[in-house]
Structure formats: C-alpha cells, structure tokens
Amino acid sequence: LRLHEAISGTGLRIEGVCFPRNVDDLRHTLELAQEFPVSHIDLQADIRPRRVEDCLPLLDGWMRLAEEAGVPVFIETHRNRITSDLPFTLDLLEQRPDLPLLADLSHYLVAREFAFPVEDESQRQIQRTLHNAQAFHGRIGSCEQIQIEISFAHHRPWVDLFLDWWDYGFRHWRS
C-alpha cells in the first residue's frame, strides 16, 4: 500500500520480474502482481531448451496463467534465457506469432556480434522481434558490450542504431 501511495500521481509504473523454470513458478508472481500496481511482468524464463517444441508448453502455460490472472506477462529477450538466441526467438515467434515480448535488444547485438553497419537481414530479424514488443528496456549495447556509455563519441553509431530500432518498435507498438 505504501508503495502504491508513493508512486501514485507520479506517472511511474512498476515492472514485476520473475525467473520461472516451469509453469507453476509463475503463480506466486502473479498473486503478488494482483496485490501491487504492476504494469506487467517481465518473464525471464530460466531455462534453455534446445528445441522450440520443448518451449511451447511452457509459453502456452505462462500465457494461460497470465490471462486467468488478468496480468500482462511479457517474455524478455535476454541472454542465457529461453530467448537467448535471435534465430531461436524467431523460430518461437513462427510457432507463437502473438507471443508478447519485452525487447532488450542489446543481448542480441552482443550475442551475435553484429558488425556495423548492421546488415539488412539482421535488421529484418530485429524488426520481426520488435513486432511483438509490448515493452522495451532502454539499455544500449554494441557488438562487444551489453551496455555502453552513451556520451562517448565513438559509441554514437550504436546509440543511433538503438534509437532507430526503438523508433521502429514504438511506432509498431502504437499502431
């Protein structure tokens, strides 16, 4: 209640985070989310299956629980999680085209060591991911660092790249 009162009127919203390993691990997080004024749950699935088919029952279960609880749950694009690899995430989206994502694109930039300028195919892959983004993390990375200092002049191309991606993602989200 104090937290709700503290942020009331500020325009700030709370993002809940969880790291489930199975469907039932999300239940307690959803119970807490119903108690507090969260805008959504950032789900970082703490599993790394090799096959897309092994992920689908988990994703379906989490989305079912979220719908039953009335709490938005977004799967974060994050290294060392179910969405660790960009091509694997794209394969998940082929199977679940409406899967809501939380886009933290810096993980893909580092994991795939994107060269600058980013090639067209990689741009299309990021844009496909952004079509499912319901929320965004504001971290800016490079092909070598998960988070860079944005005031350094030599980082400007990476900052501009992320600004372009976010512009694309926000426009798609708003549409």
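In the block above lies the structure referred to throughout.
Note that the coordinates shown come from a computational prediction; the quantities given were computed from them, not determined experimentally.

**Overview of the pattern of salt bridges**
Here is step 1: Under the definition given, this model contains 12 salt bridges.
Here is step 2: Between aspartate 46 and arginine 21 there is a salt bridge, with its nearest N and O atoms 2.9 Å apart. Taken together, the positions of aspartate 46 in the loop between β2 (38-43) and α3 (52-69) and arginine 21 in the loop between β1 (14-18) and α2 (25-35) put the pair 25 residues apart, joining distant regions of the chain.
Here is step 3: You can call aspartate 46 buried: its relative accessible area is 14%.
Here is step 4: Where salt bridges share partners, they join Arg21, Asp46, Arg48 and Arg81 into one cluster.

**Quick word on the pairing of β2**
Remark: a regular strand shows side chains that alternate across the two faces of the sheet.
Here is step 1: Taken across its 6 residues, β2 has 6 buried, putting it largely inside the fold.
Here is step 2: Sheet topology note: the β1/β2 ladder contains 5 bridges and is parallel. Note that in β2 the partner of isoleucine 14 across the bridge is valine 38.
Here is step 3: The handedness of the β1 to β2 crossover, carried by α2, is right-handed.
Here is step 4: Bridge analysis of β2 against strand β3 (residues 73-76) gives 3 bridges, and the strand direction is parallel. Bridge pairing in β3 links leucine 43 to isoleucine 75.
Here is step 5: In this fold, the crossover linking β2 to β3 by way of α3 has right-handed handedness.

What counts, and at which threshold
- Residues numbered from 1 in each chain as written.
- Predicted model: local features only at pLDDT ≥ 70, side-chain atom pairs only at ≥ 80, totals over all residues.
- Heavy atoms only, no water.
- Salt bridge = Lys/Arg side-chain N within 4 Å of Asp/Glu carboxyl O.
- Helix = DSSP H or I, 4+ residues; strand = E, 2+ residues; numbered from the N terminus.
- Buried < 20%, exposed > 50% of the residue type's maximum accessible area, 1.4 Å probe, protein only.
- Pairing = 2+ DSSP bridges.
- Right-handed = clockwise from strand over helix to strand, strands pointing away.

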